[in-house]
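Remarks on the overall topology
Chain by chain, the residues run as shown.
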Amino acid sequence: MNDPTTLVSTDWLEAHLRDPDLRVLDASWYLPAMARDAKAEYEARHIPGARFFDLDDISDSRSELPHMAPPIEKFMSRLRAMGVGDGHQVVVYDGAGIFSAPRVWWTFRLMGKTDVAVLDGGLPKWLAEGRPTEDLPPIIRDRHMTVQKQNQMVKDVTQVAAASKLGDHEIIDARAAGRFRGDEPEPRPGLRAGHIPGAKNVPIATLMTPEGTLKPAAELKAVFEAAGVDLSKPAITSCGSGVTAAVLSLALQIIGHRDHSLYDGSWAEWGMYDDLKVAKG
């Protein structure tokens, strides 16, 4: 499946690498426990022409929560400085496979940009297939960017608390099952363990094939249904800090479930406040 608004294959990307209006972004980002330096890895080797999209930098620095969605002006100025703008087809990848790239895909959509796709299998698949890389910085040409924020695509803690209480949305949590149940401690200090009451658990690993690509649409749909997700309801995706929630958002988009939003604060916010209820098990 190659859809330049959701997911493209390594074959597709290599065939289009020289397109004048293609822009490739390396959106690698890692949890501290992964002990990897995304920027250093990018500088050592990346897909030809790729720019580095720094998730922690292109975020809302006014928020105490990690890598919250950036203000419109910051997104526009950072992307212009990277030579990314109107009329570009964007392909985003990461060094873990499919991990942080969907967060950048979601951020583009939040800004009203839909000509953006995630590279299926990411850099690991690209390298395994012996495809080209380089260590050169890209040549940047400024391109104007217009943005139209889609506020319905993001939810804050008040909206999620209301959805949890009313049960009118499916809240889907991408964290591993142990963290969702509250059996395993959270990697961020000071957070309670458990999940948002009423949430369903779809760990991102359950959406992947053994090769690290996303499962076909019919299988993705089956995974959501097996987790008890009612796909007739609008969905709110969540995770530890709003990064892997976007893998769920991407999967929902691929199966044709268009009414989805992302809880940007995710567990980093919910787990912090004692007045918000936590479910376990």
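All of the points below concern the structure found in this document. Computed from a predicted model, the values in this text were never measured in an experiment.

Of note, Thr 237 is situated in strand β9 (residues 235-238). Of the polar contacts made by the side chain of Thr 237, one reaches the backbone oxygen of Ala 245; its length is 3.4 Å.

The strand order β6-β10-β9-β7-β8 describes an open sheet built from five strands, whose pairing is parallel. Single-partner strands in this sheet number two, and they are β6 (154-155) and β8 (200-201). Relative to β8, strand β7 (residues 170-173) is paired through two bridges, and the arrangement is parallel. Note that in β8 the partner of Ile 172 across the bridge is Lys 200.

Turning to the nonpolar core, a few remarks are in order. Residues Phe 53, Phe 108, Leu 207 and Phe 224 are the most contacted members of the largest nonpolar core, which totals 53 residues. Elements with a contribution of two residues or more to this core: α3 (72-81), β4 (89-93), α4 (101-110), β5 (116-119), α8 (217-226) and α9 (245-254). Broken down by element, this core gets its largest block of residues, eight residues, from α9. One finds Val 8, Leu 13, Leu 17 and Phe 52 within the second-largest nonpolar core, a separate group that totals 18 residues.

With respect to the helices and strands, Glu 269 occurs in helix α10 (residues 266-270). Sequence separation between Glu 269 and Pro 66 is 203 residues; the distance between their C-alpha atoms is 9.3 Å. The contact partners of Glu 269, leaving out residues within four places of it in the chain, are Leu 65, Val 157 and Tyr 263.

Running from amino to carboxyl end, α8 crosses α9 at an angle of 120°, the nearest separation of the two axes being 9 Å. Taken together, α8 and α9 sit at an angle that is classed as oblique. Every pair of crossing elements has a handedness; the one defined by α8 and α9 is left-handed. Contacts between α8 and α9 involve Ala 217, Leu 220 and Phe 224 from the first element and Leu 248, Ala 251, Leu 252 and Ile 254 from the second.

Conventions used here
- Residues numbered from 1 in each chain as written.
- Predicted model: local features only at pLDDT ≥ 70, side-chain atom pairs only at ≥ 80, totals over all residues.
- Heavy atoms only, no water.
- Helix = DSSP H or I, 4+ residues; strand = E, 2+ residues; numbered from the N terminus.
- Polar contact = N/O pair within 3.5 Å; in protein donor to acceptor, adjacent residues only side chain to side chain.
- Pairing = 2+ DSSP bridges.
- Core = buried A, V, L, I, M, F, W, Y, C linked by side-chain atoms within 4.5 Å.
- Buried < 20%, exposed > 50% of the residue type's maximum accessible area, 1.4 Å probe, protein only.
- Contact = heavy atoms within 4.5 Å.
- Axes fitted to C-alpha atoms, helices over the stretch in contact; angles between N-to-C directions.
- Parallel < 35°, antiparallel > 145°, perpendicular 65-115°, else oblique.
- Left-handed = near helix turned anticlockwise from the far one by under 90°.

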